[in-house]
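Chain by chain, the residues run as shown.
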Amino acid sequence: MNFDDTPQEAEFRATARAWIAANAPKQYEEELRKSSLGRTVLRNANILEVAKAWQKKKADAGWACLHWPKEYGGRGSSPIERVIWQQEEGPFGQLSRMFIIGHGMCGPTMMAFAREEHKRTYLPPLASGEKVWCQLFSEPAGGSDVAGLRTRAEKDGDDWIVNGQKIWTSGAHYSDYGILLTRTDPTVPKHKGLTMFFLDMKSPGVEVRPIKQASGASDFNEVYFTNVRIPDHQRLGEVGDGWNVSLTTLMNERSAIGAAVSTGFPELFEYCASLMLDDGPAIEDRAVRSKLANWAVKASGLKYTSMRAISALSRGERPGPENSIGKLVAGSMIQDVATYALDLQGASGVVSGEEAELAGRFQAMLLRAPGTRVEGGTDEIMRNIIAERVLGLPGDIRVDKDVPFNKIPTKGRG
Amino acid sequence: MNFDFSDDQKQLRDQARKFLAEKCSAKAVRVVLDGKAPYDKELWKGLAEMGFLGVAIPEEFGGAGAGHLELCVIAEEMGRANAPVPFSSTVYLAAEALLIAGSDAQKKKWLPAIASGEAIGTLALFEGKGNPSSKNVKLTAANGTLNGVKKPVADGAIADFAVIAARTGSTGRDGDVSLFLVDLKAGGVEVKSLTNLDPTRGQAEITFKDCKAEPLGAAGEGWSILTQVLDRAAVLCAFEQVGGADRALEMGRDYALDRIAFGRQIGSFQAIKHMLADMYVSATLARSNSYYGAWALSTNAAELPEAAAAARISATQAFQHCAKNNIQVHGGMGFTWEFDCHMYYRRANAMALGLGSLSYWEDQLIDRMRKKNAA
Ligand SMILES: Cc1cc2nc3c(=O)[nH]c(=O)nc-3n(C[C@H](O)[C@H](O)[C@H](O)COP(=O)(O)OP(=O)(O)OC[C@H]3O[C@@H](n4cnc5c(N)ncnc54)[C@H](O)[C@@H]3O)c2cc1C
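Source: prediction; values computed, not measured.

## A look at the pattern of salt bridges
- Tallying each qualifying case throughout the model produces 55 salt bridges over all chains.
- Residues Glu354 of chain A and Arg43 of chain A are paired through a salt bridge, measuring 3.2 Å at the closest nitrogen-oxygen approach. Of this pair, Glu354 of chain A sits in the loop between helix 10 (324-345) and helix 11 (361-372) while Arg43 of chain A sits in the loop between helix 2 (29-33) and helix 3 (47-60), and the two are 311 residues apart along the sequence.
- For the salt bridge of Glu240 of chain B with Arg201 of chain B, the shortest nitrogen-to-oxygen distance reads 2.9 Å.

## Re the domain arrangement of chain A
Residue and element names in this part refer to chain A.
- Taken as a whole, chain A is organised into domain 1 (7-128), domain 2 (133-240) and domain 3 (261-377).
- For domain 1 versus domain 3, the separation of C-alpha centres amounts to 24 Å.
- Taken together, the contact between domain 1 and domain 3 spans 12 residues of the former and 17 residues of the latter.
- Buried area between domain 1 and domain 3, both sides added, is near 1100 Å², and the carbon and sulfur share of it is 60%.
- Area buried by domain 1 at its contact with domain 3 is led by Leu37, Arg39 and Pro79, which between them contribute 49% of it.
- Counting every contact that joins domain 1 to domain 3 gives five residue pairs in polar contact (both at pLDDT 80 or more).
- Here the element with the most residues in the side of domain 1 that touches domain 3 is helix 4 (residues 79-89); it accounts for three residues.
- Considering only residue class, the side of domain 1 that touches domain 3 consists of four nonpolar, three polar and five charged.

## Focus: the site of the ligand
- By nearness alone, 21 residues border the ligand, and Ser144, Trp168, Ser170, Thr378 and Glu380 of chain A come closest of all.
- Neighbouring residues of the ligand are distributed over chains A and B.
- Between the ligand and Ser170 of chain A, the relevant distance is 2.7 Å, taken from a nitrogen atom to a side-chain nitrogen or oxygen of the residue.
- With respect to the ligand, the side chain of Gln270 of chain B contributes an N or O atom lying 2.8 Å from a nitrogen atom.
- Secondary structure elements with two or more residues in the shell around the ligand: strand 3 (159-170), helix 11 and helix 12 (379-390) of chain A.
- Here the residues of the shell around the ligand sort into six nonpolar, 11 polar and four charged.
- The residue makeup of the shell around the ligand includes at least three contributed by each of domain 2 (133-240) and domain 3 (261-377) of chain A.

Rules and cut-offs
Residues numbered from 1 in each chain as written. Chains lettered and ligands numbered in written order. Predicted model: local features only at pLDDT ≥ 70, side-chain atom pairs only at ≥ 80, totals over all residues. Heavy atoms only, no water. Salt bridge = Lys/Arg side-chain N within 4 Å of Asp/Glu carboxyl O. Helix = DSSP H or I, 4+ residues; strand = E, 2+ residues; numbered from the N terminus. Domains from an automatic or database assignment. Contact = heavy atoms within 4.5 Å. Buried area = accessible area lost by both parts, 1.4 Å probe. Polar contact = N/O pair within 3.5 Å; in protein donor to acceptor, adjacent residues only side chain to side chain. Nonpolar A, V, L, I, M, F, W, Y, C, P; charged D, E, K, R; others polar. Near = heavy atom within 4 Å.

Right under this line is the structure:
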């Protein structure tokens, strides 16, 4: 057990640090440092443009998507080097959140299932942030039950014709490409009739309509498909094997989102260290300390759990279902942390936005947090995964498992 | 950077697990639980023969000289087996105090005896209600003799010697406390066993009347030594707790697969699955925090105080959480004396108090984090 850098790791760190010092967009450092879940504001700049510029700069110098192979725009780095990079990148790493779906989910799926020439064409500009990707899985009738989706793809010569609707698609409004899960055979049980593609979001017949979120922001969308043509060579995996392909995406999603989810703890600790309550500093209050200590050990537990996972990766093990733990714990924690920070503010906690305490960072966190517990699989689905795939408990009873998809009932009531 | 035990250490874990599965079955634990023996003497001898008692004691003092990571590995297995032996008192508390503060002569006298299983040691710190605090130390030491009462003392009734915190000054500060070593078999000591939450590890009240004692460490340094001892013990106990939590989770999982209700395995009910998933989550967080503690302990890192408090809190919570829900998964069976669930429930709740309760460690953690942030 060793936390110190090996000589090679130390050298890598020094090189990364020097490069970041010379190249990072420092004018945004302070704002990025003060941002938290639900609140990344750059007052005088468009965040997508800043993010793209930083990503491009990183890619040109070989610092983008570090663990990807070089021929696909990466650096071929070890998992540990990736961690070192993240440590050194610090608040600037927040900017890559704009690309998390492309880098964390679409990229790995393309790498596993796309043709070699497509990998070489599409992956480098994805790594460099020049092209943004989205994930078109969820539908009104298929969220947790992804395999219940209804968007159809029908073969027409060398093309497929797609009709249907996706929903909750993050970043679709500024995406160039997407990976798309469709139903190609409604007469077989639901998991067997799915097929995966990637497509150009500018294709005729694709319509993106932003949805206003509960938080007030609009980061996700409805996407409609009307006779959209996708050439067969953009199929990922075999016809009817879309479920397996999507499992690769979802497994990567859990580790990508799980590793990136913040807990809100550092923000709360810092806040309590400076906050004065009626009878003295918050941090000296017994009740406050107890709450903080409980969250502190969750936050550190998550941190060291992911270090253990990285050590396992370095030994060549694959990321497993135990990665579900990150999002499960952090999701409800950030919600509780935000609620508590506002509790400490008392009546004035109700004010949000720029006028609020700390420019409303905890209010923004509170309003964004419910989404964290839903996106990428709900808390309940995460618990099912742990129970079934880590602990080996029986799967849920599935009444629709052997039923042809077009015979499954679609309404709960009436 | 590598955040895992080495292959050798994992091999040691397998060896310890196998040994304990054989020598420390639930049936063996029950002999002590039922009050038929104060501890498992055979097992204690066996642990000595395996070299587990002295795994972190240097070779020059009769130990294996392996190190603290190895001791963490053994600790986890001791917790998993719910071993009814004075391991934590002797190995984490008494031996660590000697390693930190003992004179050469004291180390030569007691450490080989610990490693070979001949001497059981303990730490006598508490005097009734309250958490570790120099203010709570009332027992006095003057001219090499002790007067006062310690309670509860873990394994006090079977210990051969004790490290004792005594008051030697009157400034009202930590510097008033000094440590002493007492041979409990000599005169001036009166021991009374106490009924306690976890009969597999006894508790006692010890009264000292003009009892001869020799200083351990410099006068006035007692509290600072104790803080170090408690931090180290916090990490080691955390591993026992992680082992116990893991075992309770495993018992719950196994029962959920076996028991049928409403024509289904109860493990197919989501309420049960989710309860077990949450047990897995808390056990995993505790394990990860404890690994960090193990690293800090084994390298004597500056992070040890903070890491120890985090490991302690996390592991205490996890063991309590897993032990209580294990009973719930077992339903009525879980609440019988016959099933083993309550042994882990008892151990979890007793261990939650032994080094100071959760609220004490919460305070410690926040103080230490503040200090680090200020630095
Ligand atoms: C901010 C945000 C961003 C998103 N981004 C994307 C994206 O980019 N691309 C994309 O494809 N999707 C995206 N999603 C969709 C997301 O994956 C789904 O919302 C999620 O999987 C839940 O599906 P649902 O909304 O249909 O809820 P439902 O599946 O209808 O769930 C409703 C409730 O029922 C519970 N439930 C459902 N099934 C079970 C079960 N088997 N056991 C126990 N409880 C169950 C759920 O836990 C939940 O509490 C995003 C969602 C959010 C909130």
